[in-house]
Structures are given as structure tokens and as C-alpha cells.
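# Coordinates in review
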Amino acid sequence: MGAQLLDGKLISAEIIAEVGAKVAARVAAGRRAPALAVVLVGDDPASAVYVRNKKLACEKAGFRSLSYELPASLTETELLDLVRKLNEDPEVDGILVQLPLPKHIDADRVIETINPLKDVDGFHPYNFGRLALKMPLLRPCTPHGVMVMLEKTGVDLVGKDAVVVGASNIVGRPAALELLLARATVTVCHSKTRDLADKVRAADVVVAGVGIPNFVKGDWIKPGAIVIDVGINRLDNGKLCGDVEFDVARERASWITPVPGGVGPMTIAMLMRNTLDACLNLNP
């Protein structure tokens, strides 16, 4: 029969509609709409697509969108000055600096310069640390979106064996913290993990975020497991695929996310939710 699909487009549309309804009520009460500032440095094509999709989501949610599209020659000092200016602007609720940045700019320094209360990506050490301490405020968008998708399955995660493949600060590490918060038993795997296939085969939940096409083989998936594929990779033929061998995995899993149309839209939806939350925290 095959796994049921977790439709990220559908779920994200529901979330953005919920956010939009709250924004409309806020505006009707005489308050201003939330404002999101998005900073893009350079001309990376994938980043440009992400930024465009975020602008469209802002329109749907009723946000004010501020866009800063800057040349790759921008200096680190100039970018930090812009971030500090946005920090101090009372009309800006959320700040997002699109990654990756040009190599001459220290991304960690930029992230740490963002006011953590406006850090709608959830990457600032303050927000990351709060998640680790079970006190989440603004949560990293992609892992939070993963958790919303897992909730949609109706499966109780308490005590389930979860394997996260990939240990990046954007996906793997915060996803592990989110799963721990849900009281799953979590194993984080990475490039040095031994017997990776066996670890995946034992998992009730698999979250893959390594950025390598079809890295997780379909026959590694435990029958009935839930598979969340965070990867999005473009093949030589122009087609997109995830980190999981989809066709084979779908025959074994109970639930699986498609690529595209799975986790990607959820990341943007959770960004909209974070921006509204940031606005409410700063301007209750």
C-alpha cells in the first residue's frame, strides 16, 4: 500500500492562514502588522528563490516585508551595521539574514549580532540554548516544522526511537533537541557514525538532513517507521530529490515527506509563526 504522504504545502498553508487571521485581528484592533526584515547578500540562485518565497508568505500572512538585497562585495562591517540598525528599529519585529553568506563574512558573528528577540530564524545562541534547556522561545524554523509534521501523524513520540541523520546547527542538532523535548529517545548520526544502516533500521522515526541525494537507502527503513526528509538536492538532470531513497522507503514507511513539497514549505510557515510571536513579545 505504501506510506501516507505528509503534505507540507497543505500543512504550511493552514499555519499561514492561522497566522494571517491573528494578524488581521491585531490590525483591526488598531495595532500595526508585524514586520519582517530579510537580508540577502550576493546572488546565490537558491537563496534568491527562498527570499522570494518568504516575501510571498509575508503577503499571505499580512506582514510588512522589508527587503535588503545587497552585493556580494558588501563588507562584514557594513552588514553588522545594518543588523544593528534593524535591531534598534522599533518598527521591525523579525530579522532574517539569508544563509549562506559570502566567505569573507563570519556568519556566526552576524547571527550573534541579531537581537535574540528578533532572531526569527532561531539560530542565535540564546534561542538555541533556551531550546536545549527546555525553555523554547524562538525555535529554529525547520526542526520546529518537522515537529508540527510529526504531530499531524497522530503518533505519540514518547519513548519512540528516533534517529537524526546529520548534525548541522540548522537541522540536525536542533531537531534532536526538539525530539528530546517530545520525550523520544534520540540518536544523532553523522559522517563518522559506525553501522549507520543498522541504527536507521532500528528507528521508529528517521529525520534525514545531510544534503546528499538518496543517502539514506530505502531498505534501511524499519517497516512502519515515520520518515522526515529535510534534504533537497538538484540532480544532474535538473530534478529535485531528498536525502532518502524515496520510492523504496515509501513502500516500508507508515508516513513519509515528499521532496519537494514536504519540509521546505514548513520552514517558511514556521518563520511566519516566529515573526508573529516576536511581534507579540516585543509589542504585546
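Here the structure is a predicted model, which means the values were calculated and not measured. (Residues numbered from 1 in each chain as written. Predicted model: local features only at pLDDT ≥ 70, side-chain atom pairs only at ≥ 80, totals over all residues. Heavy atoms only, no water.)

This paragraph deals with the overall build of the protein chain. When you go through the protein chain residue by residue, the secondary structure sums to ten helices and eleven strands. Rg of the C-alpha trace for the protein chain: 19 Å, near the compact-globule value of 19 Å for 284 residues, within the 12% margin. Judged by the C-alpha coordinates and their principal axes, the protein chain covers about 50 × 45 × 40 Å. At a minimum sequence separation of 6, the contacts of the protein chain that also span at least 24 residues come to 71%. For the protein chain, the accessible surface area stands at approximately 13,400 Å², while carbon and sulfur atoms represent 54% of it. With 33 positive and 34 negative side-chain charges, the protein chain shows a spacing of 3 Å between the two charge centroids. (Helix = DSSP H or I, 4+ residues; strand = E, 2+ residues; numbered from the N terminus. Rg over C-alpha atoms; globule rule 2.2 N^0.38 Å. Contact = heavy atoms within 4.5 Å. Areas by Shrake-Rupley, 256 points an atom, 1.4 Å probe, with all protein chains shown as cover. Lys, Arg positive; Asp, Glu negative; His and termini not counted. Charge placed at Lys NZ, Arg CZ, Asp CG, Glu CD.)

Here the focus is the domain arrangement of the protein chain. When cut into domains, the protein chain gives domain 1 (31-115) and domain 2 (141-264). Placing a centre on the C-alpha atoms of domain 1 and another on those of domain 2 gives a separation of 28 Å. (Domains from an automatic or database assignment.)

Side chains carrying opposite charge are able to pair once their charged atoms draw close together. For the structure on display, the rule yields ten salt bridges. For D81, the salt bridge is made with R84, and the minimal N-O distance between the two is 3.4 Å. Linking D81 with R84, this pair stays in helix α3 (residues 76-88), spanning three residues, or about one helical turn. For D81, a relative accessible area of 42% corresponds to the partly exposed category. The shortest N-O distance in the salt bridge between R139 and E178 comes to 2.8 Å. (Salt bridge = Lys/Arg side-chain N within 4 Å of Asp/Glu carboxyl O. Buried < 20%, exposed > 50% of the residue type's maximum accessible area, 1.4 Å probe, protein only.)

Time to look at the side chain of D204. Here D204 is to be found in the loop between α8 (196-201) and β7 (205-208). At 2.8 Å, the side chain of D204 and the side chain of K222 are in polar contact. D204 has contacts with K160, D161, K222, A225 and I226, leaving out every residue within four places of it along the chain. (Polar contact = N/O pair within 3.5 Å; in protein donor to acceptor, adjacent residues only side chain to side chain.)

Bridging between strand β2 (residues 35-41) and strand β3 (residues 64-70) involves seven bridges; their strand directions are parallel. Across the sheet, residue L40 finds its bridge partner in β3, namely E69. Since β2 and β3 lie parallel, the crossover through helix α2 (residues 45-61) that links them has a hand, and here it is right-handed. (Pairing = 2+ DSSP bridges. Right-handed = clockwise from strand over helix to strand, strands pointing away.)

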